[in-house]
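The lines below spell out each chain.
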Amino acid sequence: MSIIVIDNQRVHYEVFGRGRPVVFLHGWLGSWRYWYTSMEVVSRHFRTYSFDFWGFGESRTSEMPTIQGYSNQVIRFLDAMGIERAALVGHSMGGMVAMKTAIEYPERVTRVATVGAPINGDSLSWMLKLVDRPFFAEFFARRPWLRRSLFRFFFGDSLDPEVDEVLEDSTKSTADTIRGAIHSMWRTDLTPMLDKLRVPALVVHGARDDIVNPNQLQLFTHVPMAQVVRMEQSRHFPFVDEADRFHEILLGFLQQPDLIVSTPKADTKPLDTTTPPRAEPLAPPAPERSNPINSSEAPPPPPPRPAPHSAVPPRRM
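A quick note: this is a predicted structure, and the numbers were derived from the prediction, not measured.

Visitor: Before we go on, may I ask you to explain the overall build of the protein chain in this structure?
Guide: Across its full length, the protein chain holds 10 helices and 8 strands. A buried classification covers 56% of the 317 residues belonging to the protein chain. By sequence separation, contacts in the protein chain at least 24 residues apart represent 78% of the contacts at least 6 residues apart. A total accessible area of about 14400 Å² is found for the protein chain, and carbon and sulfur atoms account for 54% of it.

Pasting the structure below:
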């Protein structure tokens, strides 16, 4: 286990491999650990990093989490590691953070990949939105078995031995962290910012995702820097449900030549995309919508090229 202190708060992180840096960002209730298998695969060609967002896993905080705060944490982490630019790979909440960071700090991000990410927070399922209520957040936080059951539902029938450790990490967050993260996600909408994207993006979503609506793929129809992939057999965790195909797609994307992005001359103060809390009661769940996209018919990415550095086998921490 490796620990650094960022803004007077403890952050747990792990590092595998050698080469150009790739930072993996986890989702709500998660930790660095559920990226373990993907980090092993990618670290054969890159130096992979992952850390626990403040309030999750082994990272501690005294503040309420926000998407903007987590985006700031990504930049502070790059600074602490001495990384000038890195590729970001984020799942769910981590994907929202990764996309926001790539748009606001293009000079620090070489490319961005999102997996099952709520670009518009309203795409979250009604089950997650319930946790924005203090009663449900407290109820959820005080029942570790319920969190384990929910994560087991997310992972489906996976037999990956890492799942047990992921389930354990899911029980470490407080009610304030659980609710604060959902509150900020739900009220964040990155859609107006997508036309400012200046780095290559890979947007992956499971067609059967019941946590974040797959219609998020449609938001990138007219975004020239984005490549969209819909994985027909996947739910919320494509890197578990269709691991081999996902890793082939991800590596093909990461191994493309990086663009050179100049630092913006204008004021680059992060945009606040979070709206004030809603006062009206939670609406009943909307009927499920189907928004098929034919992006899965696109040709597969080119096969990975040999890495310029020799890979160092990852070591379980």
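Once you've had a look at it, read on.
Visitor: Even after reading the chapter, I still don't get unusual backbone geometry, so can you show me in this structure?
Guide: In terms of backbone geometry, most residues other than glycine have negative phi values and most peptide bonds are trans. Even without glycine at this site, N8 takes up a positive phi of about 65°. By the element assignment, N8 lies in the loop between β1 (2–6) and β2 (9–16). For N8, a relative accessible area of 78% gives the class exposed. A positive phi angle is found at L29, which is not glycine, with a value near 70°. On the secondary structure map, L29 appears in the loop between β3 (21–25) and α1 (36–42).

Visitor: What's the story with the pattern of salt bridges in this structure? I'm lost.
Guide: Pairing between side chains of opposite charge can happen when their charged atoms approach one another. Evaluation of the coordinates by the stated rule reveals 11 salt bridges. One salt bridge connects D258 with R111, and the closest N-O pair in it is separated by 3.1 Å. Of this pair, D258 sits in the segment after α10 (243–254) while R111 is found in strand β6 (residues 109–115), placing the two residues 147 residues apart along the sequence. D258 sits in the partly exposed class, given a relative accessible area of 28%. According to the relative accessible area criterion, R111 is buried, its value standing at 1%. The shortest N-O distance in the salt bridge between D195 and K196 comes to 3.9 Å. Exposure remark for D195: the relative accessible area of 56% places this residue in the exposed category. Looking at K196, the relative accessible area reads 41%, which means it is partly exposed. A single salt-bridge network, built from bridges that share partners, covers R20, R111 and D258.

Visitor: Any chance you could explain the sheet that holds strand β8 (residues 226–231) here in plain terms?
Guide: Working definition: the strands of a sheet are paired by backbone hydrogen bonds and lie parallel or antiparallel to each other. The strand order across the open sheet built from 8 strands is β1-β2-β4-β3-β5-β6-β7-β8, with neighbouring strands paired in mixed fashion. Pairing within the sheet leaves two strands with one partner each, and these edge strands are β1 and β8. Across this sheet, the average inter-strand angle for adjacent strands is 20°, counted without regard to direction.

Visitor: What exactly am I supposed to notice about helix α8 (residues 175–186) here?
Guide: A rise of 1.5 Å per residue sets the reference length of α8, with its 12 residues, at 16 Å; its end C-alpha atoms lie 17 Å apart and thus fit the reference within 8%. For α8, a buried count of 10 out of 12 residues is recorded, marking the element as mostly surrounded by other parts of the structure. Within α8, the full set of buried residues consists of A175, T177, I178, G180, A181, I182, H183, S184, M185 and W186.

Rules used in this analysis
- Residues numbered from 1 in each chain as written.
- Predicted model: local features only at pLDDT ≥ 70, side-chain atom pairs only at ≥ 80, totals over all residues.
- Heavy atoms only, no water.
- Helix = DSSP H or I, 4+ residues; strand = E, 2+ residues; numbered from the N terminus.
- Buried < 20%, exposed > 50% of the residue type's maximum accessible area, 1.4 Å probe, protein only.
- Contact = heavy atoms within 4.5 Å.
- Areas by Shrake-Rupley, 256 points an atom, 1.4 Å probe, with all protein chains shown as cover.
- Salt bridge = Lys/Arg side-chain N within 4 Å of Asp/Glu carboxyl O.
- Pairing = 2+ DSSP bridges.
- Axes fitted to C-alpha atoms, helices over the stretch in contact; angles between N-to-C directions.
- Expected span 1.5 Å × (residues − 1).

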